[in-house]
Amino acid sequence: MLSSLSLTTLQVEQVEKSYGLKKVLCEIDFVVEPGQVVSLLGQSGCGKTTLLRLIAGFDRPDSGQISVARQVVANGRVFVAAEKRHIGYVPQEGALFPHLNVYDNVAFGVGKGPGRSQAIDRMLELTGVAELRAHMPHQLSGGQQQRVALARALAPEPRMILLDEPFNALDANLRSSICQDVMTLLRRIGATVLLVTHDQREAFISSDRVAVMRDGHIVQFDDPVHVYRRPVDVQTAELVGGVILLDGVVVDNGVRTALGMVPAANRHNPGELAGASGHSAAAIHRCTGDSVRVMLRPEQLRLVAPGQGAAARVAEVAFHGQYFSLRIVLEPTGVGALPVEFLVRAHYPLEYQVGDKVDVRIVGTGVLYDPRGATL
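Everything numeric in this text was worked out from a predicted model, so none of it was measured.

## Focus on helix α1 (residues 48–56)
Next, step 1: Judged by how many residues are buried, α1 sits mostly within the fold: 7 of 9 residues are covered.
Next, step 2: Those residues of α1 that sit buried are Lys48, Thr50, Leu51, Leu52, Leu54, Ile55 and Ala56.
Next, step 3: Looking one or two places after α1, you find Gly57, whose phi comes out positive at around 100°.

## Some points on unusual backbone geometry
In terms of backbone geometry, most residues other than glycine have negative phi values and most peptide bonds are trans.
Next, step 1: Note the cis peptide between Tyr348 and Pro349, where omega equals -5°.
Next, step 2: Mapping Pro349 onto the fold places it in the loop between β20 (341–346) and β21 (357–362).
Next, step 3: The backbone of Ala69 shows a phi angle near 55°, a positive value even though the residue is not glycine.
Next, step 4: Structurally, Ala69 can be placed in the loop between β4 (63–68) and β5 (71–74).
Next, step 5: The phi torsion at Arg70 lies on the positive side, around 65°, for a residue other than glycine.
Next, step 6: Turning to its location among the elements, Arg70 is positioned in the loop between β4 and β5.

## Observations regarding the environment of Gln11
Next, step 1: Mapped onto the elements of the fold, Gln11 is located in strand β1 (residues 10–19).
Next, step 2: Between the C-alpha atoms of Gln11 and Ser67, which are 56 residues apart in sequence, the distance is 5.1 Å.
Next, step 3: Residues within four places of Gln11 in sequence aside, it is in contact with Phe30, Val31, Gln65, Ile66 and Ser67.

The rules behind the values
Residue positions are given per chain, counting from 1 as you read along its sequence in written order. It should be noted that, the model being predicted, local features are given only for residues of pLDDT at least 70 and side-chain atom pairs only at 80 or more, the latter also being counted only at that level, while totals for whole chains, interfaces and linings use all residues. Processing note: side-chain calculations cover all non-hydrogen atoms of the structure and skip hydrogens and water entirely. The cut-offs for exposure are 20% and 50% of the maximum accessible area for each residue type, with area from a 1.4 Å probe on protein chains only; residues under the lower value are buried, those over the upper are exposed, and the others partly exposed. Strands here mean DSSP runs of E at least two residues long; helices mean DSSP runs of H or I at least four residues long; both are numbered from the N terminus. We call two residues in contact when some of their heavy atoms are within 4.5 Å.

Set out below in structure tokens:
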């Protein structure tokens, strides 16, 4: 284990950043605990990379404070240069020095002194590129280049590691395997890691906590399960997975929808203690008779025998490799009722085809939002 990596806490307090008249970051506030892996998840342009650059020391924040290992590295009075922050940084596509071989790339940031060559050799072995030590960057595959870039970032034993979409240029299969290998390695050595990504699967697989960013704000900071199961609003729900949104009416034992009764994961009656707060999904205070929107995930719907659920028919079937998605249309339940469509996942062997009548049943709880799509 790299001793300095296991002692790090990152604290970002009320950080803001603008470029000209455009505000890129607004009141960013979060903590990364020692040894945690935290992902900054959001669409392109939401401010993820700008935040990473402020933490690395490549840019100055306009206001707020950044501390690493309880040392202030940036605020209105202090600005510690990037090379003095002892933070490892892995950019997109590795950015290796093209005129240096693998060994010299990894050795670049390691100080002179006894044990230097042993430390470099150890890092080459640790990242699985020891046999490539004499290769030039252009002789390496994309995955090998990322491993070398990681070895170069880890070799000086930094306080923490920043990964700026490091697997973005790799094809899907290689991206998944390299990501898992790299994160396994970083956890084994006790690294504190901040990962920038726009891939929710990557964030969920890799992270202890996920910071969902939108329009320069952190809208939710939570563990991956809660970000997926109880997203703070509809936009976040859609960012991190497939959604089914149903209109409903609150009743005593849940919410009445076109698919039947749905228990609510985040309903609290007036006077009850609210659920999670701050950057987490909030509780929604609604009374019997109130209109709401209910969010379900596709895997919460089951196709069941006739009479055991809501009557529907299969309108479309698509094959995704690991599963099928079926576009289902509910049978009208009244005069003038609008059609309700949604996707259901089914696994091989598929028992249904287009035109078949099916019944649909809900498993688990739904998340309630107000009719405009935000939790109250």
